[in-house]
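In case you want the letters, here they are:
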Amino acid sequence: MRGEPVSCHRPYPLPRSLVRVMAAAAAVEAAAPMGALWGLVHDFVVGQQEGPADQVAADVKSGNYTVLQVVEALGSSLENPEPRTRARGIQLLSQVLLHCHTLLLEKEVVHLILFYENRLKDHHLVIPSVLQGLKALSLCVALPPGLAVSVLKAIFQEVHVQSLPQVDRHTVYNIITNFMRTREEELKSLGADFTFGFIQVMDGEKDPRNLLVAFRIVHDLISRDYSLGPFVEELFEVTSCYFPIDFTPPPNDPHGIQREDLILSLRAVLASTPRFAEFLLPLLIEKVDSEVLSAKLDSLQTLNACCAVYGQKELKDFLPSLWASIRRESSQRRTILEMLLGFLKLQQKWSYEDKDQRPLNGFKDQLCSLVFMALTDPSTQLQLVGIRTLTVLGAQPDLLSSEDLELAVGHLYRLSFLKEDSQSCRVAALEASGTLAALYPVAFSSHLVPKLAEELRVGESNLTNGDEPTQCSRHLCCLQALSAVSTHPSIVKETLPLLLQHLWQVNRGNMVAQSSDVIAVCQSLRQMAEKCQQDPESCWYFHQTAIPCLLALAVQASMPEKEPSVLRKVLLEDEVLAAMVSVIGTATTHLSPELAAQSVTHIVPLFLDGNVSFLPENSFLSRFQPFQDGSSGQRRLIALLMAFVCSLPRNVEIPQLNQLMRELLELSCCHSCPFSSTAAAKCFAGLLNKHPAGQQLDEFLQLAVDKVEAGLGSGPCRSQAFTLLLWVTKALVLRYHPLSSCLTARLMGLLSDPELGPAAADGFSLLMSDCTDVLTRAGHAEVRIMFRQRFFTDNVPALVQGFHAAPQDVKPNYLKGLSHVLNRLPKPVLLPELPTAVRIAALQCMHALTRLPTPVLLPYKPQVIRALAKPLDDKKRLVRKEAVSARGEWFLLGSPGS
């Protein structure tokens, strides 16, 4: 301890500033008789009891006493010549401050800090209580500028921290942490003196609890740009002396600190700045060459972490030594490979004008050998790292030879067909194939696509013969691989015909097909369409090739036959049509307006006039007339029309729009095929949403309202008319059209309808949710950003009013509709709507829960106490009062006598 201990034979006077504070306190009218406070203080200081301290703190929090009155009551003990008595007095004051620091005013904080700084020179028995008081004051919001620096200077100068017990050292670290969190700019004004002061505090620390906090402080010093000055090496030494971590937690350790916690915290420090490189890299090389396996592993993993931060300048002088050490290792292959992966990612950031200067060229063969060895290893984790490393290696320009690429493609092909228990490797291999195929399309066209084509042919043969599920799974993997590698225009022109030809095989009846087979092909097509969106050429090629083929297959399947085919019926199932909708929508959304205008001149006449001339294999037995034909099969294909026209850019003119809208409106209320009528309603709504304001839009809206009102009367079409109302309302709500409020009111009126009431309640979910096939932002629909908030503001009062006025049997419909609206809103929108009575009631409920059996509640105690801290700062006094009461009960939960 610096400074002489204070003599016990003379009083230790209070600073004048605190005496003045006590005088001011005496002038304040007491909130309760001081006699009781004097008694509690006496019991604590003399009786060596802990209970009175908690009672005093509780009385201060509840307003019975002020902090200044506590200081006045402690006056004699704070001036007592006996160090133990002084320590007890300061201990009580510090405990009160820890509980009540939020109540202090700025002047009080100033006087108390001066008092506590002065006490840092006191007897060593007093210091722990002084530090507790400073910890409380470091949490004060009312702390004036400059005092944080003053406190830390006093601690650095007066306290030899490493001679203190563990708990007191921990308090010092907490004080520093608190000030760094709230007074960063003030501490930075100290410059490198703050770093040096902390180095003195941490030097020699051995307790794992303290080290976790100390490591975090060092990391913050570096990451938040505190000045390190000339003390970079000293800061490195004071932390790196613990590397590698050698710690075994004691049995039944109540603190739960594990060796891994310390390793990760220290690693974050060592890898946090390139300024440590010149000191750390020699240390890591030394530990890699050691005989201790854990030290090797820790060193390699730390080196891997450093690669993300260090640059060429820091690493280049150490690369030969590092490579020599790594080559000597014959264990921990995954760690070594991860470390190499870090180096390769770092290498990507460096640019070399001269190809011969690239440092990887000299190690290419060894790197490829290591990666290919990992790809054939039985370990899934090693395979995953190998796949990631291969991807980064392939991204290095002109590094891999044609022989390397052929080997890489072979490995990725094999990994793409792994069993279900290696799903993660299979997915990684598919992603790597897509990335590398974009860079090396010739290699993948030459070595992978032919293999996949053969695999698909074998799969078709197996499906034709009805082979076992294992072959079906392999067939699915082939479809996924074909879509994964379709990342370059030249490859798309090879893979897309393979998938479409596969669909034709299904339609011709050459395979024992199920809906899942067709859906799988459609999923691969959709993924391919998504990849093609990055390239306009690929996007148009996919659209003009795939869309006519899908439409032709569907039209052919919808034609009447003398002998109905089970296989063709598969193409008309709801799930299959939905999969085809996703393909068509995805392939259309990114078309340029010019190309979309070309396509729309073929597809709309197909559905309105039966013009099939642009479809492949268009020799159909009957005419295609989905709007006039009585066949439900043809009507079901309106879903495909919806996918196309509702994904077009808004400025694309649709031919025969007036006729199309009237046909859709008529079909939307047809009761013979609910799937078709719903598709027609959605298509009509999607076109309404994009249509520019004007007379034509008003005419379409009037037609829709008339159709809805006619259909909602008694008759077989009520359900279809309701569906039309719902989708038209959504289309208008999204674009803030004035008619949306009238249609929403009509929907609200149906909540009382005996037949449609429950469906109307669920309709509010549709109005508030995002769709996937129509009325989407990706499909160029007009979707205002705040439409949900506006809908909430405009309609919730009416829903609430309707609930109160509704008969008892109808109230659930209103509640359900309201819950759908609230469920889709962001939380910040809802919170201001909750009245203060609601917040008080919620806190009273939390208070009442404490009457439940204690064992049931104890697991939730920490979470509840944390949650109840926020309402302590509520703007309403009654809410704060209930929060204090509830939190107090939860604090006492499980304590003796409670």
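Residues numbered from 1 in each chain as written. Predicted model: local features only at pLDDT ≥ 70, side-chain atom pairs only at ≥ 80, totals over all residues. Heavy atoms only, no water.

**Focus on the overall build of the protein**
Then, in step 1: On a plain count of helices and strands, the protein comes out with 48 helices and zero strands.
Then, in step 2: Burial statistics for the protein: of 898 residues in total, 53% are counted as buried. (Helix = DSSP H or I, 4+ residues; strand = E, 2+ residues; numbered from the N terminus. Buried < 20%, exposed > 50% of the residue type's maximum accessible area, 1.4 Å probe, protein only.)

**What to know about a negative patch on the surface**
Then, in step 1: A contiguous patch of negative charge, built from E233, E234, E237 and E278, is present on the exposed surface.
Then, in step 2: Counting residues per element, the negative patch draws most heavily on helix α14 (residues 232-240), at three residues.
Then, in step 3: For E233, a relative accessible area of 39% gives the class partly exposed. (Patch = residues over 30% accessible without salt bridge, like charges linked within 9 Å, V, L, I, M, F, W, Y side chains within 5 Å. Areas by Shrake-Rupley, 256 points an atom, 1.4 Å probe, with all protein chains shown as cover. Salt bridge = Lys/Arg side-chain N within 4 Å of Asp/Glu carboxyl O. Lys, Arg positive; Asp, Glu negative; His and termini not counted. Charge placed at Lys NZ, Arg CZ, Asp CG, Glu CD.)

**Details of the nonpolar core**
Side chains of a nonpolar character, in soluble globular proteins, are inclined to be buried together.
Then, in step 1: Counting residues in hydrophobic clusters, the biggest one holds 281 residues, and the most contacted among them are F194, M202, L525, F542, F607, L640 and V645.
Then, in step 2: Residue contributions to this core peak at 14 residues, all from helix α30 (residues 536-558).
Then, in step 3: When near neighbours in sequence (up to four residues on either side) are disregarded, L640 contacts L551, A554, L577, M580, V581, I584 and F607. (Core = buried A, V, L, I, M, F, W, Y, C linked by side-chain atoms within 4.5 Å. Contact = heavy atoms within 4.5 Å.)

**Some thoughts on the pattern of salt bridges**
Then, in step 1: With the rule as written, the count across this model stands at 24 salt bridges.
Then, in step 2: Through salt bridges with shared partners, one network takes in R86, R119 and D122.

**A few points about helix α48 (residues 877-892)**
Then, in step 1: Taking 1.5 Å as the rise per residue, α48 with 16 residues should run 22 Å; its terminal C-alpha atoms sit 23 Å apart, in good agreement.
Then, in step 2: The positive-phi residue at the C-terminal boundary of α48 is G894, with phi of around 85°. (Expected span 1.5 Å × (residues − 1).)

**Focus: the confidence of the model for the protein**
Then, in step 1: Mean pLDDT over the protein works out to 84, with 87% of the residues at or above the 70 mark.
Then, in step 2: Ranking the helices and strands of the protein by mean pLDDT puts helix α35 (residues 638-645) first, with 96, and helix α1 (residues 16-27) last, with 45.
Then, in step 3: In the predicted structure, residues 1-17 sits below a pLDDT of 50 and forms 41 contacts with residues beyond four places in sequence or in another chain.
Then, in step 4: Below pLDDT 50 for its whole length, residues 19-32 participates in 20 contacts with residues either more than four positions away or in separate chains. (pLDDT = per-residue confidence, 0-100.)

**A word on empty space enclosed by the protein**
Then, in step 1: Enumeration over the complete set of coordinates arrives at one cavity of 30 Å³ or more.
Then, in step 2: By volume, the largest cavity is sized at about 40 Å³.
Then, in step 3: Going through the elements one at a time, α20 (333-348) and α21 (364-375) are the ones with two or more residues in the lining of the largest cavity.
Then, in step 4: By residue class, the composition of the lining of the largest cavity is five nonpolar, no polar and one charged. (1 Å grid on protein atoms, 1.4 Å probe; cavity = no way out; pocket = protein on both sides within 12 Å on 5 of 7 lines; lining within 4 Å. Points joined across faces, edges and corners; volume = space filled by probe spheres on them. Nonpolar A, V, L, I, M, F, W, Y, C, P; charged D, E, K, R; others polar.)

**Things to note about the layout of surface pockets**
Then, in step 1: The computed volume of the largest pocket comes to approximately 1100 Å³.
Then, in step 2: If you go around the largest pocket, you meet 29 residues; those closest to its centre are K61, H99, L872, V884 and R887.
Then, in step 3: Broken down by secondary-structure element, the contributors of at least two residues to the lining of the largest pocket are α3 (51-62), α6 (83-100) and α48.
Then, in step 4: Among the elements that take part in the lining of the largest pocket, α48 stands out by supplying eight residues, more than any other.

**Focus: the packing of α6 against helix α8 (residues 127-138)**
Then, in step 1: Two elements in contact, α6 and α8, have axes whose closest approach is 8 Å; the angle formed by their N-to-C orientations is 20°. It follows from the interaxial angle that α6 and α8 lie roughly parallel. Helix-helix and strand crossings are classified by hand; for α6 and α8 the assignment is left-handed. Contact with α6, carried on its side by A87, I90, Q91, S94, L97 and L98, involves S129, V130, Q132, G133, K135, A136 and L137 of α8 and no other residues of that element. (Axes fitted to C-alpha atoms, helices over the stretch in contact; angles between N-to-C directions. Parallel < 35°, antiparallel > 145°, perpendicular 65-115°, else oblique. Left-handed = near helix turned anticlockwise from the far one by under 90°.)

**Re the environment of S538**
Then, in step 1: Here S538 is to be found in helix α30.
Then, in step 2: On the basis of relative accessible area, S538 is assigned to the buried category, the value being 4%.
Then, in step 3: In the structure, S538 is positioned 47 residues away from I491 in sequence and 9.7 Å away in space, judged by C-alpha atoms.
Then, in step 4: In contact with S538, other than residues within four places in its own chain, are P489 and C532.

**Examining the side chain of R426**
Then, in step 1: Checked against the element boundaries, R426 lands in helix α24 (residues 423-439).
Then, in step 2: The class of R426 is buried, set by a relative accessible area of 5%.
Then, in step 3: Engagement of the side chain of R426 in a polar contact is seen with the side chain of Q423, the distance being 2.6 Å. (Polar contact = N/O pair within 3.5 Å; in protein donor to acceptor, adjacent residues only side chain to side chain.)

**Concerning the packing of aromatic side chains**
Then, in step 1: Counted according to the given criterion, the structure contains 11 aromatic pairs.
Then, in step 2: Both rings, one in F194 and one in Y226, keep their centres 5.6 Å apart while their planes meet at 40°; by these two values the pair is tilted. Here the residue F194 occupies a position in helix α12 (residues 192-202), and Y226 occupies one in the loop between α13 (208-223) and α14, the gap between them amounting to 32 residues.
Then, in step 3: Both rings, one in F215 and one in Y242, keep their centres 5.8 Å apart while their planes meet at 75°; by these two values the pair is edge-to-face. You can see F215 sitting in helix α13 and its partner Y242 sitting in the loop between α14 and α15 (259-270), a full 27 residues away along the chain.
Then, in step 4: For F215, a relative accessible area of 1% corresponds to the buried category.
Then, in step 5: The exposure class assigned to Y242 is buried, which follows from its relative accessible area of 14%.
Then, in step 6: Here a set of aromatic residues connected by ring pairs shows up, and it is made of F156, F194 and Y226.
Then, in step 7: One Lys or Arg, K493, reaches over the ring of Y541 and ends 6.0 Å from the middle of that ring. (Phe/Tyr/Trp six-rings, centres within 6.5 Å; stacked < 30°, edge-to-face > 60°. Lys NZ or Arg CZ within 6 Å of the ring centre and 35° of its normal.)

**Focus: the side chain of K682**
Then, in step 1: Tracing the chain through its elements places K682 in helix α37 (residues 674-690).
Then, in step 2: The contacts of K682, once residues within four sequence positions are left out, are M642, C646, W727, D773 and V774.

**A short note on the environment of L498**
Then, in step 1: Among the secondary structure elements, L498 is positioned in helix α28 (residues 489-507).
Then, in step 2: A residue is classified by how much of its surface remains accessible, and L498, at 23% relative accessible area, is partly exposed.
Then, in step 3: Along the primary structure L498 and L452 are separated by 46 residues, whereas in three dimensions their C-alpha atoms are 9.3 Å apart.
Then, in step 4: If we ignore the near neighbours within four places in the chain, the residues touching L498 are V449, A453, L456 and L482.

**A closer look at helix α43 (residues 811-823)**
Then, in step 1: Under the 1.5 Å per step criterion, the end-to-end length of α43 is 18 Å for 13 residues, consistent within 8% with the ideal 18 Å.
Then, in step 2: Among all positions of α43, only K811, N813, Y814, G817, L818, H820 and V821 are buried.
Then, in step 3: Where α43 is buried, its residues touch α40 (739-749), α41 (757-768) and α42 (787-805).

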